[in-house]
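# Observations on the three-dimensional arrangement
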Amino acid sequence: LRELQVTPFAPRLPVGFDTQLRATGVYSDNTTRDLTWYVSWTSDLPEIGSIDAYATLRLGRPGTATITATLGAIRGTTTVTVTAATLTAITLGNPS
């Protein structure tokens, strides 16, 4: 294992929004493998963005937090920005 890539990369989301992260392992022969369920997840500021063992990111208050996936000595990160944006309208379209 050469590298862990955490996606989505640098998401920008509103308070209260939950999203799923993914950890992809990149090996020395450039093959990849989904390691989402094998890594340990942490957040440097869980009051802004907390992450559980199932890679669900829950957003608390506006700010920026770094989310880290760790497997052995290999780490990958993404930075989440939480905004104070609120839903102002819902538009319904006519499906074709």
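Going by the structure above, here's the rest.
Reference entry: report on the structure contained in this document. (Residues numbered from 1 in each chain as written. Predicted model: local features only at pLDDT ≥ 70, side-chain atom pairs only at ≥ 80, totals over all residues. Heavy atoms only, no water.)

Here the focus is the nonpolar core. Ranked by internal contacts, the top residues of the largest apolar core, which has 18 residues, are L21, V39, W41, L57, I67, A69 and V80. Broken down by secondary-structure element, the contributors of at least two residues to this core are β1 (3-7), β8 (56-59), β9 (63-71) and β10 (74-83). Here the element with the most residues in this core is β9; it accounts for three residues. (Core = buried A, V, L, I, M, F, W, Y, C linked by side-chain atoms within 4.5 Å. Buried < 20%, exposed > 50% of the residue type's maximum accessible area, 1.4 Å probe, protein only. Helix = DSSP H or I, 4+ residues; strand = E, 2+ residues; numbered from the N terminus.)

Within a regular strand, side chains alternate between the sheet's two faces. The sheet contact formed by strand β3 (residues 18-20) and β8 spans three bridges and is antiparallel. When the sheet's bridge partners are listed, T19 is paired in β8 with L57. Inspection of the sheet shows strand β7 (residues 49-51) paired to β8 by three bridges, in the antiparallel sense. Opposite S50, over in β8, you have R58 as the bridge partner. (Pairing = 2+ DSSP bridges.)

Two strands in a sheet stick together by hydrogen bonds in their backbones, pointing the same way (parallel) or opposite ways (antiparallel). Sheet architecture is open: three strands sit in the order β1-β4-β5, paired in antiparallel fashion. Looking at which strands have only one partner, the edges of the open sheet turn out to be β1 and β5 (32-34). For this sheet the average axis-to-axis angle between neighbouring strands, irrespective of direction, equals 25 degrees. Judged from the five bridges that link them, β1 and strand β4 (residues 22-26) form a sheet pairing that is antiparallel. Note on β4: the bridge partner recorded for L4 is G25. (Axes fitted to C-alpha atoms, helices over the stretch in contact; angles between N-to-C directions.)

What follows deals with the packing of aromatic side chains. Using the criterion set out here, one finds zero aromatic pairs in the structure. Between R33 and the ring centre of Y38, over which it is positioned, the NZ or CZ distance is 5.1 Å. (Phe/Tyr/Trp six-rings, centres within 6.5 Å; stacked < 30°, edge-to-face > 60°. Lys NZ or Arg CZ within 6 Å of the ring centre and 35° of its normal.)

Quick look at the pattern of salt bridges now. Applying the stated criterion across every chain yields a total of four salt bridges. A salt bridge links D52 to R58, with the shortest nitrogen-to-oxygen separation between them at 3.1 Å. Judged by relative accessible area, which is 25%, D52 ranks as partly exposed. Sharing partners across several salt bridges, the network here consists of D18, D52 and R58. (Salt bridge = Lys/Arg side-chain N within 4 Å of Asp/Glu carboxyl O.)

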